[in-house]
Amino acid sequence: MSLFASPAMTPGPSKASTTNDVTSRTIPAGSVPPIAAKTADPFAQAALNMPVALRRRLARLATSSFLVAGDIASYLIAYFVVLSLLPSGSEGTMVERTFTIAAFAAIVLYASAGLYPGYRLHDHEHLRRRTIAAVKVAVLTAFGAIILPEGERLLLSTIGFLALGLIVQPVVHWLARCLCWKLGIWGERAVVIGGCNLTPALVAHFKNHWQHGIRPEPFFSDTLEALPDGGPSIAVIAGDTGSLGPDLAAMRRRFAEVILLSDTPSLKVSGLRPADVGGEIGIRLTTGGSSVNSDLVRRILDLAIAIPAMIVVAPFIAFAAAAIYAIDPGPVFFRHTREGRSGKPVHVLKLRTMYQDAEQRLEALFRDNPTMRAEWLSHFKLKDDPRILPVIGHMLRASSIDELPQLANIIAGQMAIVGPRPFPEYHLLAMDGEFRNKRRSVTPGLTGLWQISERSNADIELQQQLDEFYIDNRSLWLDCQILLSTIPAVFKRRGAY
């Protein structure tokens, strides 16, 4: 069966196509322009007569140059900050040379790790590769401190320089990517092959997440000959991959890269994950899981974060509790039983943001307003909720301060810093049993993937997809990325109510 015949590329009755109508929610199929349509590509228009392969290399070179310049700027910022903190008289040629060599070594390691331009990598993978490179340079610096006569004096300052650079780089790196995007040189054209009912959703996904470096173009024809000369150099395939064998050779001749797409956070595709390069013989099917070692490391990190954080936020919790009592006298904390790891009940602790007769108010609202009832059944939240306390209730929920008492649950080992949010029973009943079993395999968290991406804007279906992606791809690096993204998500307050 041909790869391009519609029966082969149209997903069967899988979870992706039957339970998740992503296409209808994201973009109608008829609104996607054909691949032969003229694509806005300023870089290509400036070099129409240039061979496709050369044009691609030059675009990657230009993009990489901007990213390298951004990392150099990050290290310059780190240099001036560290220099201002050094004791008087520490400035000198030795410090400048050491910092220069350390920055150069880190950038070389970034390049060898494929971070320039770093297309098609998740943010947590960027973080992992950058951190590993910085640690390698720090280890080499430690060896230099032992060997060189004055090395010990430079050791702490160099490690501080590398650490500060690692903190500044994501911000500067993002600005460099945005500049490349504005100039029209960021990303590479890719034809998306996934069947008529899946391709539009994938195209919309990659357009919304342009930072992955894929400029998608849909493809609905049955033959490769339909592609114009000088077209996309990458093929992204999703859906039914059982019939790829006869056509992969032709596709590899036609495209510089052929990607069998794995799941995305907001779209369940196939569950195929490419094996690491290093002797593996092909693509392997894996299941999400965690080892004893990784659980131990997570627990140590949870305590290292939760205990100091609890001390810092205690005054804010006390002030909020006093404000709640002044508006609606009564208990200021709210305990609700949620489902935890292995199905064990967790008594989640929160600051009370609703009136004490909240349930009666909700029932009365549903009787008088069927539209609000429909909104509740879709999100289990209401944008205009009459149960919420005036002023203080909305402020606590929008800023997520009402969740801070759950640091006590984390210290007690009932929750983790990062994980799927613990839902009440009525919320879980809207999800299928298979997914509920998957949720029970991990510890619920204070923050999670859908909290930093959609928050209350996500309906039940999208919440499930985001949580399932997190569980299937769970790692310490993904946890770190979610944790780092939580603070900006809270300040943006998008979807928080």
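Values in this document were obtained by computation on a predicted structure and should not be read as measured data.

Once that is clear, we can look at the overall build of the chain. For the chain, the count of helices and strands is 20 helices and eight strands. Considering the chain as a whole, with its 497 residues, one finds that 45% of them fall into the buried category. In the chain, 74% of the contacts between residues at least 6 apart in sequence involve partners at least 24 apart. Total accessible area on the chain is roughly 25200 Å²; 64% of this is exposed by carbon and sulfur atoms.

Turning our eyes to something else, we now look at the confidence of the model for the chain. With 75% of its residues at a pLDDT of at least 70, the chain reaches an overall mean of 77. Throughout residues 241-246 the model reports pLDDT below 50, and contacts reaching past four residues in sequence, or to other chains, amount to eight contacts. pLDDT under 50 marks residues 271-278. Its contacts with residues more than four places away, or in other chains, come to 16 contacts.

Further remarks concern the pattern of salt bridges. Under the counting rule described, the total for this entry stands at 20 salt bridges. Between lysine 350 and glutamate 403 there is a salt bridge whose closest N-O contact spans 3.6 Å. Residue lysine 350 is located in strand 6 (residues 345-351), and its partner glutamate 403 is located in the loop between helix 14 (392-399) and helix 15 (407-411); the two are separated by 53 residues in the primary sequence. Assessed through its relative accessible area of 16%, glutamate 403 is described here as buried. Here the residues in one salt-bridge network are Arg60, Arg120, Glu188 and Glu257, joined through shared partners.

Looking now at unusual backbone geometry. Cis rather than trans, the peptide bond between tyrosine 116 and proline 117 has omega equal to 5°. Relative to the helices and strands, proline 117 resides in the loop between helix 6 (93-112) and helix 7 (123-147). Although it is not a glycine, valine 391 sits at a positive phi angle of roughly 65°. With respect to the secondary-structure elements, valine 391 resides in the loop between helix 13 (370-379) and helix 14. What makes valine 391 exposed here is its relative accessible area of 68%. Even without being glycine, serine 400 reaches a positive phi, approximately 65°. Within the secondary structure, serine 400 sits in the loop between helix 14 and helix 15.

Counting 41 residues, the largest nonpolar core has Ile324, Ile410 and Tyr470 as the members making the most contacts within it. The next biggest cluster of nonpolar side chains, apart from the first, holds 29 residues, and it includes Ala106, Tyr116, Tyr119 and Val137.

In total, this model carries zero disulfides according to the counting rule given. Not part of a disulfide, cysteine 180 finds its nearest cysteine sulfur in cysteine 178, a span of 9.4 Å.

Another aspect to go through is the sheet that holds strand 2 (residues 214-218). Pairing in this open sheet of four strands is parallel, and the strands run 2-1-3-4 from one edge to the other. What marks the edges here is a single partner per strand, and that holds for strand 2 and strand 4 (257-260). On average, adjacent strands in this sheet sit at an angle of 30° to one another, irrespective of strand direction. Sheet analysis places strand 1 (residues 188-193) next to strand 3 (residues 234-237), joined by four bridges and oriented parallel. The residue of strand 3 that forms the bridge with isoleucine 193 is isoleucine 237. Docked against the sheet, helix 9 (residues 199-208) engages strand 1, strand 2 and strand 3, running at close to 155° with respect to strand 2.

On to the environment of arginine 177. Of note, arginine 177 is situated in helix 8 (residues 151-183). The spatial distance from the C-alpha of arginine 177 to the C-alpha of serine 64 is 9.6 Å, given a sequence separation of 113 residues. Contacts of arginine 177, omitting those with residues within four sequence positions, involve Leu67, Asp123, His126, Trp186, Trp210 and Gln211.

What counts, and at which threshold
Residues numbered from 1 in each chain as written. Predicted model: local features only at pLDDT ≥ 70, side-chain atom pairs only at ≥ 80, totals over all residues. Heavy atoms only, no water. Helix = DSSP H or I, 4+ residues; strand = E, 2+ residues; numbered from the N terminus. Buried < 20%, exposed > 50% of the residue type's maximum accessible area, 1.4 Å probe, protein only. Contact = heavy atoms within 4.5 Å. Areas by Shrake-Rupley, 256 points an atom, 1.4 Å probe, with all protein chains shown as cover. pLDDT = per-residue confidence, 0-100. Salt bridge = Lys/Arg side-chain N within 4 Å of Asp/Glu carboxyl O. Core = buried A, V, L, I, M, F, W, Y, C linked by side-chain atoms within 4.5 Å. Disulfide = S-S within 2.5 Å. Pairing = 2+ DSSP bridges. Axes fitted to C-alpha atoms, helices over the stretch in contact; angles between N-to-C directions.

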